Amino acid sequence: MERRRFLTTTALAGLPFVSRAEPVKGSYLTPDSPEYDVARGLFNSDLDMRPTYIARCRDGVEVAKAIRFAREEGLAVSVKSGGHCFIGSSMANGSLAIDLGVLSQRAYLPDSRKLVAGPGVKLGSLYDTLLPQGRLLPAGSCSGVGLGGLTLGGGYGLFARQWGLTCDHLTRVKMVGGRGREIDSEQDEDLLWACRGGGNGNFGAIISMEFNTRAAPKTFAAQRFLAKGLNSAKVGKLMEGWFGICEDLAEPLFSAFVLNGNQISILLTSSYPSSGKAFQATTKALLQLGLSTKGASNSPTAKALKRYYGRPDPLPFYNLSGGYYRSFDDLASSCDFVSQKVLSTPGLIFQVNTLGGAIARGPESAYPHRSYPFLGEIQAYWQRDSQRERLVAAVNAVQGEIGSAAHYRNYPDPTLKNWETAYYGESYPKLQELKQRYDPDDLFRHSQSVRPSAGAR
Ligand SMILES: Cc1cc2nc3c(=O)[nH]c(=O)nc-3n(C[C@H](O)[C@H](O)[C@H](O)COP(=O)(O)OP(=O)(O)OC[C@H]3O[C@@H](n4cnc5c(N)ncnc54)[C@H](O)[C@@H]3O)c2cc1C
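By the naming in an unreviewed UniProt entry, the chain goes by FAD-binding protein and is assigned to Roseibacillus persicicus. Among the UniProt annotations of the chain, the heading Cofactor (unreviewed entry) holds the following wording: "FAD". Listed under Sequence similarities (unreviewed entry) in UniProt, the entry text for the chain is "Belongs to the oxygen-dependent FAD-linked oxidoreductase family."

Rendered as structure tokens:
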């Protein structure tokens, strides 16, 4: 769509309210539709989600009609943008699923240096749009992840320590709420607060987003460090050493610690060339831990980011947030168990990513975990169904052993009992109040969606 038309029809222009129900049922996919099985497919191919209807909506008017229809049929509503939710909340069983994948228009506005985008934009196209303009929106790595879900739950990646989360760059959103009315954060600031980390499928369907962008670095540096021949004592020593080094990491740098099978791989990246002081000092410290490396690479940013785009096609997996940590102390008592479990379970991965930096100084928002400089992720991938049960049990065992109380909403864990406080901390009561304002009948509902306050309905 030509840019001007996109801006006036979907992004910034007011959307008309739908005043009467119209016959729409025939245009929605049902289990009998030939396209249903493809349309309900998510990136995690282990999921078997079965919504009652799938409504592929092209604008706010169609979203409002779908909501009205769901209300008449007595169905919950779920919303999908990029379909990367680990647990399938975007295609909830028995719901009317609003698929916004086609809302993938995006436009960079040079005068304001803002990006206006639909929630269905995938991260690969986001970078393809901004980098040729010399601009960047700090976001995640994998190219297929949807900007909608990523932003609404937070959104971190290689540049988050330097500039903050994706949701910290959000300046305006438009949402069709539970009563089918469009709400603009220009008129309701609380909506922006909620969508910065607390908006995944909770209140309505976000149909457009506007972001501040950053000047993209010309060069991006990366270096990998490896350790093999591991036992749990060695893993513990290396993990403690890595945490210690990363506690003082310079903000343009990011690091990830990945224990996978019998190997530790540590990634170090920077938005400055590897010859920079901070990168050199960190490299030296990592080598002193006894890690090996083939040296650093310095590439144009657009080319470098493609290395982390990941696999485009769906695959079966079971991944969870492994919790936020302040330092190695939070893992010290579980480190031996985690190491032994990963070393003895092929397909199981334990990863810790660095947060902190600018994230800690982010705007007032629903994202509650700004003070944690580290985030863990427990992952399992399999090729044969016969491996599934053992891997799922291993992930759950590691999670139980670590026992963190704080978790990343965008890495949901279906087994969490206290997910409300784990994901949203002290923001949860305000999110419940906003639920009452935007979706008082709790139409937008999935297994871990914000519930209306007790007695509010
Ligand atoms: C391979 C892979 C790589 C990842 N890498 C990163 C990473 O680098 N950094 C990071 O922070 N996260 C990462 N994630 C996690 C990712 O941020 C979440 O899975 C995110 O929620 C996906 O968004 P989506 O739009 O693709 O998914 P969807 O499944 O479409 O949606 C996810 C959630 O958001 C809600 N939602 C989606 N769109 C809307 C909307 N328009 N309005 C209201 N609610 C909506 C859905 O209802 C659902 O609850 C990764 C996930 C995967 C599978």
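Digging into helix α15 (residues 428-438)
Burial in α15 covers these residues: Tyr428, Leu431, Gln432, Leu434, Lys435 and Tyr438. Down the axis of α15, the sector holding all buried residues measures 165 degrees, keeping them to one side. Packing partners of the buried residues in α15 comprise β7 (170-177), β8 (182-184), α7 (189-195) and α14 (419-424).

Focus on the pattern of salt bridges
For the coordinates displayed, the defined rule picks out 20 salt bridges. Between Lys114 and Glu210 there is a salt bridge, with the nearest N and O atoms lying 3.5 Å from each other. Here Lys114 is found in strand β5 (residues 114-117), whereas its partner Glu210 is found in strand β9 (residues 204-212), with 96 residues between them in sequence. Here Lys114 and Glu210 have matching classes, each one buried.

Regarding the nonpolar core
The biggest cluster of nonpolar side chains holds 53 residues, and the ones touching the most others in it are Leu123, Leu126, Tyr127, Leu136, Leu147, Leu305 and Leu431. The greatest single-element share of this core, amounting to five residues, is contributed by α7. Each residue touching Leu431, except ones within four places of it in the same chain, is listed here: Trp193, Ala194, Gly198, Phe203, Ala366, Tyr424 and Val450. Formed by 42 residues, the second largest nonpolar core is a distinct cluster that contains Leu230, Phe257, Phe279 and Ala380.

Considering the sheet that holds strand β12 (residues 253-260)
By way of backbone hydrogen bonds, the strands of a sheet pair with one another, either parallel or antiparallel. Within the open sheet, the seven strands sit side by side as β14-β11-β13-β12-β16-β17-β15. Their pairing is antiparallel. Strand pairing shows two members of the sheet lacking a second neighbour, β14 (292-300) and β15 (320-325), which therefore form its edges. Each strand axis lies, on average, 15 degrees off the axis of its neighbour in the sheet, ignoring direction. Across the sheet, helix α12 (residues 335-343) lies against β12 and β16 (348-354), angled at about 130 degrees from β16, the strand it touches most.

Observations concerning the packing of aromatic side chains
With the rule as written, the count across this model stands at 25 aromatic pairs. Their ring planes at 70 degrees and their centres at 6.5 Å tell us that Phe220 and Tyr308 sit as a pair that is edge-to-face. With Phe220 in strand β11 (residues 219-228) and Tyr308 in the loop between α10 (301-306) and β15, the pair connects residues that are 88 residues apart, well separated along the chain. Exposure class is identical for Phe220 and Tyr308. Each is buried. Connected via pairs of aromatic rings, a cluster forms that spans Phe43, Phe86, Tyr156, Phe317, Tyr381, Tyr408 and Tyr411. Lying across the ring of Tyr423, Arg409 places its NZ or CZ 5.8 Å from the centre. Its guanidinium or amino end placed over the ring of Trp193, Lys430 lies 4.2 Å from that ring's centre, counting from NZ or CZ.

Observations regarding the packing of helix α8 (residues 232-246) against α12
One way to put it is that α8 packs onto α12 with a least axis distance of 9 Å and a crossing angle of 120 degrees. When the axes of α8 and α12 are compared, the pair comes out oblique. When you trace α8 past α12, the crossing you get is right-handed. Contacts from Ser232, Val235, Gly236 and Met239 in α8 reach Cys335, Asp336, Ser339, Gln340 and Leu343 in α12. In terms of residue class, the contact of α8 with α12 is built from four nonpolar, four polar and one charged.

Remarks on the pairing of β9
Where burial is concerned, most of β9 is hidden: eight out of the nine residues are buried. Summarising the sheet, β5 and β9 pair through four bridges and their orientation is antiparallel. The residue bridging Val116 from the neighbouring strand is Glu210, located in β9. Sheet topology places β7 next to β9; seven bridges connect them, and they run antiparallel. Note on β9: the bridge partner recorded for Leu170 is Phe211.

Analysis parameters
- Residues numbered from 1 in each chain as written.
- Predicted model: local features only at pLDDT ≥ 70, side-chain atom pairs only at ≥ 80, totals over all residues.
- Heavy atoms only, no water.
- UniProt positions renumbered as here; feature names shortened; annotations may be inferred.
- Buried < 20%, exposed > 50% of the residue type's maximum accessible area, 1.4 Å probe, protein only.
- Helix = DSSP H or I, 4+ residues; strand = E, 2+ residues; numbered from the N terminus.
- Arc of directions from axis to C-beta.
- Contact = heavy atoms within 4.5 Å.
- Salt bridge = Lys/Arg side-chain N within 4 Å of Asp/Glu carboxyl O.
- Core = buried A, V, L, I, M, F, W, Y, C linked by side-chain atoms within 4.5 Å.
- Pairing = 2+ DSSP bridges.
- Axes fitted to C-alpha atoms, helices over the stretch in contact; angles between N-to-C directions.
- Phe/Tyr/Trp six-rings, centres within 6.5 Å; stacked < 30°, edge-to-face > 60°.
- Lys NZ or Arg CZ within 6 Å of the ring centre and 35° of its normal.
- Parallel < 35°, antiparallel > 145°, perpendicular 65-115°, else oblique.
- Left-handed = near helix turned anticlockwise from the far one by under 90°.
- Nonpolar A, V, L, I, M, F, W, Y, C, P; charged D, E, K, R; others polar.

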